[in-house]
Structures are given as structure tokens and as C-alpha cells.
Amino acid sequence: MKKIMTVFGTRPEAIKVCPLINELKKRKNIDVIVCVTGQHRQMLDQVLNTFNVQPDYDLNLMKNKQTLFDITIGILEGIKNIIKVEQPDVVLIHGDTTTAFATALACFYLQTPIGHVEAGLRTYNIYSPYPEEFNRQVVSIISSYNFAPTQLSRENLISEGHNPESIYITGNTVIDAMEHTVTANYNHPELDWIGDSKMIFITAHRRENLGEPMRHMFRAIRRVLDEHVDCKAIYPIHMNPLVREIATEELGECDRIHIIEPLDVLDCHNFEARSYLCLTDSGGIQEECPSYGVPVLVMRDTTERPEGVNAGTLKLVGTDEETIYKNFKLLLEDKDYYNTMSNACNPYGDGKACKRIADILEYGVYEPWKPEK
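Reading the values: the criteria
Residues numbered from 1 in each chain as written. Predicted model: local features only at pLDDT ≥ 70, side-chain atom pairs only at ≥ 80, totals over all residues. Heavy atoms only, no water. Helix = DSSP H or I, 4+ residues; strand = E, 2+ residues; numbered from the N terminus. Rg over C-alpha atoms; globule rule 2.2 N^0.38 Å. Buried < 20%, exposed > 50% of the residue type's maximum accessible area, 1.4 Å probe, protein only. Contact = heavy atoms within 4.5 Å. Areas by Shrake-Rupley, 256 points an atom, 1.4 Å probe, with all protein chains shown as cover. Lys, Arg positive; Asp, Glu negative; His and termini not counted. Charge placed at Lys NZ, Arg CZ, Asp CG, Glu CD. Pairing = 2+ DSSP bridges. Right-handed = clockwise from strand over helix to strand, strands pointing away. Polar contact = N/O pair within 3.5 Å; in protein donor to acceptor, adjacent residues only side chain to side chain. Phe/Tyr/Trp six-rings, centres within 6.5 Å; stacked < 30°, edge-to-face > 60°. Patch = residues over 30% accessible without salt bridge, like charges linked within 9 Å, V, L, I, M, F, W, Y side chains within 5 Å. Salt bridge = Lys/Arg side-chain N within 4 Å of Asp/Glu carboxyl O. Core = buried A, V, L, I, M, F, W, Y, C linked by side-chain atoms within 4.5 Å. Axes fitted to C-alpha atoms, helices over the stretch in contact; angles between N-to-C directions.

**Topic: the overall build of the protein**
No. 1: In terms of helices and strands, the protein carries 16 helices and 13 strands.
No. 2: By the compact-globule yardstick of 21 Å for 373 residues, the protein fits well, its C-alpha radius of gyration being 20 Å.
No. 3: Counting over 373 residues, the protein shows a buried share of 59%.
No. 4: In the protein, of all internal contacts separated by at least 6 residues, the share reaching a separation of at least 24 is 69%.
No. 5: Here the protein displays about 15,600 Å² of accessible surface, and carbon together with sulfur accounts for 49% of that area.
No. 6: Here the protein contributes 38 positive and 53 negative side-chain charges, whose respective centroids are spaced 3 Å apart.

**Description of the pairing of strand E10 (residues 257-260)**
No. 1: Relative to E10, strand E9 (residues 231-236) runs parallel, the two sharing 4 bridges. From the neighbouring strand, Ala233 faces E10, where its bridge partner is Ile257.
No. 2: For the crossover that starts at E9, traverses helix H10 (residues 241-251) and ends in the parallel E10, the hand is right-handed.

**Things to note about the environment of Asp281**
No. 1: Positionally, Asp281 belongs in the loop between strand E11 (277-280) and helix H12 (285-288).
No. 2: Since its relative accessible area comes to 0%, Asp281 is described here as buried.
No. 3: A sequence separation of 18 residues divides Asp281 from Met299, and the C-alpha atoms of the two residues are 4.9 Å apart.
No. 4: When near neighbours in sequence (up to four residues on either side) are disregarded, Asp281 contacts Thr203, Ala204, His205, Arg206, Asn209, Met214, Met217, Met299 and Arg300.
No. 5: Here His205 takes part through its backbone nitrogen, which lies 3.0 Å from a polar atom of the side chain of Asp281.
No. 6: At a separation of 3.0 Å, a polar atom in the side chain of Asp281 contacts the main-chain amide nitrogen of Arg206.

**What to know about the sheet that holds strand E1 (residues 2-8)**
No. 1: Read across the sheet, 7 strands follow the order E3-E2-E1-E4-E5-E6-E7 without closing on themselves; strand pairing throughout is parallel. The strands lining the two open edges of the sheet, one partner per strand, are strand E3 (57-58) and strand E7 (167-169).
No. 2: With 4 bridges joining them, strand E4 (residues 90-94) and strand E5 (residues 114-117) adopt parallel strand pairing. What sits directly across from Leu92, in E5, is Gly115.

**Examining the packing of aromatic side chains**
Each pair of aromatic rings is reported with the distance of its centres and the angle of its planes.
No. 1: Tallied over the entire structure, the rule returns 11 aromatic pairs.
No. 2: Relative to Tyr168, the ring of Tyr145 has its centre 6.4 Å away and its plane inclined at 25 degrees; by these criteria the two rings are stacked. Of this pair, Tyr145 sits in strand E6 (residues 145-148) while Tyr168 is found in strand E7, placing the two residues 23 residues apart along the sequence.
No. 3: Judged by its relative accessible area of 15%, Tyr168 is buried.
No. 4: Members of the aromatic cluster, connected to one another through ring pairs, are Tyr145, Phe147, Tyr168 and Tyr366.

**A few points about a nonpolar patch on the surface**
No. 1: A grouping of Ile126, Tyr127, Tyr130 and Phe134 is seen on the molecular surface, where their side chains present a nonpolar patch of about 410 Å² in accessible area.
No. 2: Positionally, Ile126 belongs in the loop between E5 and helix H5 (132-142).

**Section: the nonpolar core**
No. 1: If you look at the biggest cluster of nonpolar residues, it comprises 52 residues, and the most contacted ones within it are Phe8, Leu24, Leu92, Phe147 and Leu361.
No. 2: Examining the composition of this core, we find that 7 residues originate from one element, helix H1 (residues 11-24), more than from any other.
No. 3: With residues up to four places along the chain from it excluded, the contact list for Phe8 reads Glu13, Ala14, Val17, Cys18, Ile21, Val34, Cys35, Val36, Thr37, Leu44, Leu48 and Thr99.
No. 4: In terms of nonpolar packing, the next biggest core, distinct from the first, is built from 34 residues, Ala220, Cys231, Leu277 and Ile324 among them.

**What to know about the sheet that holds strand E13 (residues 314-316)**
No. 1: If you trace the 6 strands from one edge of the open sheet to the other, you get E10-E9-E8-E11-E12-E13, paired in parallel fashion. The open sheet has two edge strands, E10 and E13, and neither has a second partner. Strand-to-strand twist in this sheet, taken as the mean axis angle between neighbours without regard to direction, amounts to 20 degrees.
No. 2: Pairing geometry for strand E8 (residues 198-203) and E11, over 4 bridges, is parallel. For Thr203, the partnering residue across the bridge sits in E11 and is Thr280.

Bear in mind that shape data such as this cannot, by itself, settle questions of function.
Structure below.
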């Protein structure tokens, strides 16, 4: 029997890890231990409930105005004894959060093997996104299993000198998650408000975009919506009070934008699936929306998911107001351009990533994922 511990603490991690936990629990040769850090709290709990995942350990770290120092110190202090008691064969961490980084560091100190889910994503700009790019590069240094979602992710790891035999191309587990959340008969009061209008889905919260960049983003969005009466926008706002302050000032009086509280994963995926297009500075949405044929304008200067840009499902538009305005407007007014992005192939997975990862951990064998041509 192999003991696998999963450690995660944020909503985006939970969306991608919970389907994997449920797959691992099906395996007769694997004992699963679930530990959450509570880096996010309410948003994390929503995802746990959606996937019916019950943590064995909860560090419950989240506090008002927490800093990266607080999170890192809290995890290092809290996770040490859990790992010592459980003595897992492998600790699975996900992506690029401070939870992933701090857990990896604790495992390194205790010489416990790490499995890194969503390994190999890179911008190679250490401050973009911040602190995520640093986190994921550091985790790769000490990972025993690197579960790369794409061929490009694998190539990144190999170019950095990581052992090719430790790298597995699995696809992204978020595609697995969506197969359990999107339903044909879904309804929501905000969708009633949208009616026959084109729904624009917005997310914006990145640390590096706080301040003037975010104001530029919101001003561009508002200008386009003021010019296109056939569109309405939904913006599930982040819990960060600085994001809320800027959004209220720039978007609060626009009657065709509804700023709503964060959506749980089931609602979020169903909103995405029904959107006409998405503007975001998030990461996971760059993988999710292409599965529904929804074009994505990425309001960042860099992306660790260039596969979507190369495939034509994503376009980097930065945070300059005029650039966002022109590209948003173009997608609404040029049907051929819209169709080209909408019909591009999703390069991120086939819904079998969790099975591949579980096969690797249980049997040491798997069939690598290859995208459609």
C-alpha cells in the first residue's frame, strides 16, 4: 500500500486537485491523506463541498491582511509534524501557490518525495506572475514526479536539466474537473439578467495588476460595453479589498456590468461555458474557456500557458487601456476573427489527466497525453 498525501490551500488548486483525490481514492493500492492549508478559506471550502472531499488535516491559516511571509511561516510550522506522523511515500502539491512552495520546502527538509501536478509552466520572468513564477521554478528543483500538462511543459523542464524519466505528460486535471461540473440544465438568476445578450465573463485579481494597470483594464472594458448594447458582463469579484475598491470606482456605476460575489466552482464553470468571450488575468480560466469554444483575452504581459496563444484560443493583450479596448471591440465586431478563436483546438487536455497520474503513482506506467492535431 502506497501512502499519498495531497496538500493544497487555494480555490484554483482545489478545483484541479479534488478530482485527482477522488480518482486516487478508487485505487486499492493507494491510501490517500488530504491536508489543506486554508490559504483561502471560504472559496476553498466551496470547492471541497462541490467535490465531496473531506480533509484529514486543516491548518486553517487564513487571516485578515495575510502576507506571503505569514502564509509561508504558517505552513512550514504546521505541516512539519503532519508529515512526520503520516510518513507519506509521496506528497502531491499543485501548481505555483505559496502553499505549494512552502510545502515543497518542508518536504525537502524532511527528505520526503514530492509529486508536482501541473509542473513545467513557465514565463521565465521571475516577477510575472508574482510570486507564482518563482514558486513553480523552485518546486521543480526538488520534485521526484513532474506531472507536466503539455509537451511544452515537459520541454521546459528538460531544458532546465531535470531528469526526463521524472517527467510525465498527463494533460491538465482542470479538464477532468469540468466534466463533473458543467450541465445542460443549469440556471442562475444572473443568467436570467443576461437574457439574450452576449455574456462577457471577467476575472481580475493579480497582485502585479493592482493599481493603475487594473484601472486601465476596467476602463477599457467599460468603454466597449458602453458602445455595444447587445452585451452584458458578469464579474465575480475577488475577496481582495484593493481589487474591490478599484472595481467599485471604475465599474460600479455601469448598469451593464454586474459585480457579484465569487462563484463556486460549479457556477463558475457553467458561466464560462455560456459566455461569449472572457477577459481575464487569471491562470486556470485560460485552460477552461477554450474547452467551451470561448475566446479569451488575457490581460497580462506574459502567460505561462503559451500553448493557448499558439493554438489561437488565447490572445495576450496586456494592461494598456487602448490595446484591451481595440482587441475586445474587434472580437465583438469581426465575426470571422471571433470564429477563428472560438473554433481553435483546446491544447490542455482530454479529461483523463487524473487517471494518468493515479496510474503512474500506483503502477509506474501510463499512456502519455497527446493533443489533437
